[in-house]
Each structure stands twice: as C-alpha cells, then as structure tokens.
Amino acid sequence: MKKIDQESINTLRFLSIDEVQAANSGHPGLPLGTAPLMYTIWDRFMKVNPKDPSWFDRDRFVLSPGHGSALQYAMLHLAGYKVSLDDLKQFRQWGSLTPGHPEYGVTPGVDVSTGPLGHGFAMAVGLAMAEKMLAARYNKKGFPVVDHYTYGITSDGDQMEGVASEAASLAGTLGLGKLIFLYDDNKITIEGHTDIAFKEDVGARFVAYGWQVLRVSTSEDVEELAKAIKEAKREKNRPSLIIVPTHIGFGSPRQDMASAHGEPLGAENVAATKKAAGWDPEKSFYVPDEVRAHFEEKIPAAERKEAEWEALLDEYAKKYPDLAAELVDRMNGKVDLDLKKLMAIFDGTESAATRAASGTVLQSLADALPSLVGGSADLGPSNKTEMKGKGFFSARTPEGRNIHFGIREHAMGCIVNGLSLHGGLLPFGATFLVFADFMRPAIRMAALMGIGSHFVFTHDSIFVGEDGPTHQPVEQAMSLRLIPNVSVIRPADALETAAAWKTACETKDRPTCLLLTRQGMPVLHDYAKVIAKGAPKGAYILSPCPKEEDLKAVIIATGSEVHLALEAQKKLTKRHIGVQVVSMPSWDLFDSQSAAYRRRVLPKDVPAIAVEAGVRTGWARYTGSEDHVIGIDTFGASGPGKTVYKEYGFTVDHIVDMVRKVK
C-alpha cells in the first residue's frame, strides 16, 4: 500500500477514535475496521464537489450502519467539506454539526440520515432508482446530464434486518447497476459473534437476489478494494455487493471483540492503538501535512467536474430546450397546481370513495408534474395509484413512472425516502392504512429528515367491514399524528381529496400521509367554495350554524364521519339546537394556523364534540374531554361495513344525543 494511503487511513481511524474519546460516547469499532473502505470509495471514486455539497449530479454515499458516524465526519473533514476539526471535537454534543448518527440537513455532505439498521441500505436503493429514472428521461447521446453512482457501506447488522432483504430483492429485480455496496463483514455484533444468530451465506443470498457479488481477501489492501469497485462499475445490469472481511476495532487491544462496538476505548487503549500503528500517541485530532495536502489537491478537479457538468447542461439546453427546462424545474422542486382545476375534475360526480377520487386526481397530477412517481405494495388496483399511460419502472423500462414495490411495505417506505432525498422527484408509496404499521419507522425517518415523501393509505376505517379487525385500522391515524413533523390528512370527499393532494405536492419539509376511504362518499358540491378556501388550512367551518346567535355546540369530524355530522346538524336544527360542523382533515395543518383563526373555527366558549372512526385518545385537545368524542377504543369486527359502522355507534342519532348532553 502506498504510504499516503496508509497515512490517510490512519488519520481517519485516529480522528474517529479521538472523536469518540472526547465525547466519552460513541462507536470506535466500526471506524477502526472500516476506514480503508471509506477511504477507497472517497479517494478513488466519489464524484463530488465539497464546495457544493448539493450538486445535483454528484455521487451519493450512504453509511448504512450510522453508528459509525465518527468515521464519516472524519472523511468529510479531510475531503474538504465544512466540517472542521472543532466540529469533530464537538462530536455528539448539543447543537454540533457532528451528531451521534448522521443526520441529513445537519452535516454538509451527509446525503441520508442513518442509524436504524437496514434503513440506509434501503434508502440507497431509492437513490439508485432515482438516478436510473432521471437518466432514462433526460440523457441523450453525448449529453449524460444525469450520470452518477450510489455507493455505500453495509454491515452484518444491516443484513440481519428484514428491510435490507426486501430492498435488496427489489434492487436485483430492477437491475440497478449503479448501486455499489461494500459489506463490512466483521462477524461481530453487540452480543458477540454473529453465528449466535446469523449463519447464512450472505453472498449466496445476494446472488439469488440478482446481484453481482465480489469478494476481496483483506480490508487492508486499497488496491484490491479499488480493483473490486472498478469491476463493480463495469457491471451495468446488476447492483454489486463487495464482501470485505474486516476486523472490528482494528489495531486496538479490543480488536475482534464485541466490546469494541459501542463504548470509548479509553485513554490507554487509544494510546496503544496509535502506538501500534507508529502514530504519536500524544497527538489527538491530528492531520499530517501530507494527508491534508493530498485531499486539498483534489478540490480543483472536483470543482472542474461540476463546472464541466454545468457547461454540458448549458449545451444540452440549446439542443433540447424543453427537456432542459423540465429538468431544471424538477431539480428546483417546482410545483404549479391550480386547486380549482383539480376540484373541477369532479363536476357532475355525485359520489366517490376518496381512494377513487385520489386515483382520479393522480391522473391529472401525473400530466402536470413529470416528477411524480410512485406505486403500491402490490395493492395498486385497490389503492387506485396507477398513473395511466406513464409506464412501469423496470430494468427494461427505466423511463416508467409507476413502481411495482411488491409486498414490501417497510422497504417501500425507505425507498420512497431515498427517491425524495435524491431530488428531482415527487415520490409516493401506497398500501392499506392498517399496514402503515409496517412502514412507521420509514415515516418517522422521513419526518426526522424533513423531506417531502408521500404515503397513500386507503381502506381507512372499520368500514372495511368483512375483512375484519386484522384489516380494520383503529389506532393507525392517531399513531401517525403522534409522529412529529408528519402531515396527516383524512379528507371527507373528492373535493377535499383534491385539496389534500395539492397540499401534499407543495409540502417539501415533511412527509404527508393521505388517509382514504374504500366506501363511496357523496361529493360536497354545495360546499365547494368553502372547501377550496378552508381545507388547505386543516380545519374549517364547513356548515355554519343557521343563526350564529343560536350556536350551542360544534361538531368536529374527519373523513367519512363528516357526512354523519352534516346529517346530524340537519336533525338538530329541526329540534332548534344550533350547531356548526367543522371538517378537520388535518390536525397539523390546523394547528399551524393563527390563534385567531383557530378561535374562529373552534370558539372557546362553545362546547365541542368530535367524531372519527378511530381511537378517541388525543381528541380532548379540541373537545376538552374524551367523553365528548365518538370513536372506537377497541378492535373492529367482521361484517358488512355499514353494519359494523352502526354497531360501533357511528350514527346520526348518536351524534344528536352527544350534542344534547354537552350543549
């Protein structure tokens, strides 16, 4: 190995363990064992410009075992990103650029938040899919305007997680030739040797998935690692897994020990590790001049590569002006939608399930937004998510915009996040609401990263009926609302569904979950104007009290229950009990409105009840008491939907009785 390679690897190793030691917290084992893998990828292959971390045509990198973040920060520092030695010294400290696990949007150069094992691997599949989709759409002969790789490091822990298996299977099926992972095969987890729980042949599994599997003899030979990566890049039709035997805690007194994983080595062991490598044990956070110069010399070439790409894009715009303008709009995330036009789609429609309305809106959005891509976990006909005439993304048809995710809800959620993180796409994934439980970790990560992933959930209540309680969501809507920075929208009809989709497409800083009915809902044409104005605000007075001075109560409802509320209002009016009906498709959107607006919708001195076919927990924030909520705090039952709905108390008479008690 060349001296500069060894010096650079040692610098990465010792910066990493210095970070962990200074914080007295972290994971030294992976950085020590995996530094040569990180170095080889970044020194020999990564097409990036550290001066512009968001360059669109850069290569993407994913450290799927995010507990090794100290190594990634050390690499970003050496590569020239705005991650200083002082930032490394603040590893895991409050407000630092170097948090305990990599966080997208916090540290320059971090493309993906990782930590939950398997998630980074699955999101990388989404990143590679995005590159392939965009390249198929925009690249022309002599104009490879979208041409980059997704590189990553994966671990034994990643490969034990089911989500990685789901994603790997799909990646092989899709032939993602520009996805390359190096497998940190150290055979150690927190509890000991991997064979206590994990004896499978990972390489054989990946061959079965349709991957190219390569092996190197040692982690300590940069040239052998580089040769394997070059071979992986020559394979155009399969993703590649390069299996690298590594040693956790390499070179330290804890090498190959489980204790090297997640605790500082201690001052004595740090010193011993450095001394064994011929490094001055007294030096901490030290970067040799030759290593600093080695990486600084790469910066001009990196800047030239981006400048060459910009020039290529300019020439492309001259020859293909329409495509170039479209690509730039997509890179900038431009969305231009007219709600009135979307709502007008339903002129003449008397009734539609909101899942069907969503499917209708989707056709219009697909024409207006070339960036819209997505699909279902094998439920497209039920979710109504196929974009007609837009083709299906596959190894042979990468220009297709519909995605067959297969029955892989967890991976689907992560892949949607990867598609979103890449840029240039508005991705969605769909399934039944009850199966949101499979996807919850991915939705949480989308929220944490603050990205505009879209999740479409149909069959949203006990009205599913005959399929019974296994398929009838009860707690799911509320559980999604509990995740910070997630927008949850449960529209009442086709018109609110159109507004919901527009809001989702325009929302860039958080994921949106659309909760949609299987059963038909009357289209509220008589309220079209108030819906257009109010639905984007999350809650609004759909039907005011006939005489404001007679107002005795407010009925708050979401989704299908809004129609019950309107019928109850009519019955109460006949009894000279004045109520107003508030449709509240989205708590989070409503809570973001001004206090004055919220008081107008929900007057403080007027009692309120809420009606939603789900758990009552949480509604007291608007009603003052869960006793003022018509909901369901148990599991559903099998039977015709209308019967189940009625048996659980979702009737006009129940609402009327509740209002009479609280007014």
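Structural data are supplied above this passage.
Rules behind the numbers
Residues numbered from 1 in each chain as written. Predicted model: local features only at pLDDT ≥ 70, side-chain atom pairs only at ≥ 80, totals over all residues. Heavy atoms only, no water. Helix = DSSP H or I, 4+ residues; strand = E, 2+ residues; numbered from the N terminus. Buried < 20%, exposed > 50% of the residue type's maximum accessible area, 1.4 Å probe, protein only. Contact = heavy atoms within 4.5 Å. Polar contact = N/O pair within 3.5 Å; in protein donor to acceptor, adjacent residues only side chain to side chain. Axes fitted to C-alpha atoms, helices over the stretch in contact; angles between N-to-C directions. Parallel < 35°, antiparallel > 145°, perpendicular 65-115°, else oblique. Nonpolar A, V, L, I, M, F, W, Y, C, P; charged D, E, K, R; others polar. Patch = residues over 30% accessible without salt bridge, like charges linked within 9 Å, V, L, I, M, F, W, Y side chains within 5 Å. Areas by Shrake-Rupley, 256 points an atom, 1.4 Å probe, with all protein chains shown as cover. Salt bridge = Lys/Arg side-chain N within 4 Å of Asp/Glu carboxyl O. Lys, Arg positive; Asp, Glu negative; His and termini not counted. Charge placed at Lys NZ, Arg CZ, Asp CG, Glu CD. Pairing = 2+ DSSP bridges. 1 Å grid on protein atoms, 1.4 Å probe; cavity = no way out; pocket = protein on both sides within 12 Å on 5 of 7 lines; lining within 4 Å. Points joined across faces, edges and corners; volume = space filled by probe spheres on them.

Enquirer: When you look at the environment of Ser 64 in this model, what are you seeing that I'm missing?
Expert: Note on placement: Ser 64 falls in the loop between β1 (60-63) and α3 (69-79). The class of Ser 64 is buried, set by a relative accessible area of 0%. With 58 residues separating them along the chain, Ser 64 and Ala 122 place their C-alpha atoms 8.7 Å apart. In this structure, Ser 64 is in contact with Thr 114, Gly 115, Leu 117, Gly 118, Gly 120, Phe 121, Ile 153, Thr 154 and Asp 158, ignoring residues within four places of it in sequence. Of the polar contacts made by the side chain of Ser 64, one reaches the backbone nitrogen of Phe 121; its length is 2.9 Å. Among the polar contacts listed, one links the side chain of Ser 64 to the side chain of Asp 158, at a separation of 2.8 Å.

Enquirer: Any chance you could explain the packing of helix α5 (residues 119-138) against helix α13 (residues 321-331) here in plain terms?
Expert: Packed helices, taken two at a time, are described by their axes: the angle between them and the distance between them. It is at 11 Å that the axes of α5 and α13 come closest, and there the two elements cross at 155°. One way to sum up the angle between α5 and α13 is to call them roughly antiparallel. The residues of α13 that touch α5, namely those facing Leu 134, Arg 137 and Tyr 138, are Leu 323, Glu 326, Leu 327 and Arg 330. Tallied by class, the residues present in the contact of α5 with α13 amount to four nonpolar, no polar and three charged.

Enquirer: Teacher, can you tell me more about a positive patch on the surface here?
Expert: On the surface, Lys 552, Arg 575, Arg 660 and Lys 663 cluster together to form a positively charged patch. Take Arg 660: it is sitting in helix α27 (residues 652-662).

Enquirer: I keep staring at the sheet that holds strand β16 (residues 540-543) and nothing clicks. Help me out?
Expert: One key point about sheets: their strands pair by backbone hydrogen bonds, in either a parallel or an antiparallel sense. Reading across from one edge, β16-β18-β17-β19-β20 is the order of the five strands in this open sheet, with mixed pairing throughout. The outermost strands of the open sheet, each flanked by one partner alone, are β16 and β20 (629-630). Bridge analysis of β16 against strand β18 (residues 578-583) gives three bridges, and the strand direction is antiparallel. Across the sheet, Ile 541 pairs through a bridge with Val 582, a residue of β18. The strands that helix α22 (residues 561-574) touches are β16, β17 (551-557), β18 and β19 (608-611); relative to β18, the one it contacts most, it runs at about 170°.

Enquirer: How do you make sense of the layout of surface pockets when you look at a structure like this?
Expert: In this structure, the largest pocket occupies an estimated 740 Å³ of space. What lines the largest pocket is a set of 38 residues, among which Tyr 104, Met 331, Leu 421, His 422 and Gly 423 lie closest to the centre. Contributing elements (two or more residues each) for the lining of the largest pocket: α12 (299-319), α13, α17 (409-422) and β11 (426-432). A class-by-class count of the residues in the lining of the largest pocket yields 16 nonpolar, 14 polar and eight charged.

Taken by themselves, the reported measurements are silent on function.
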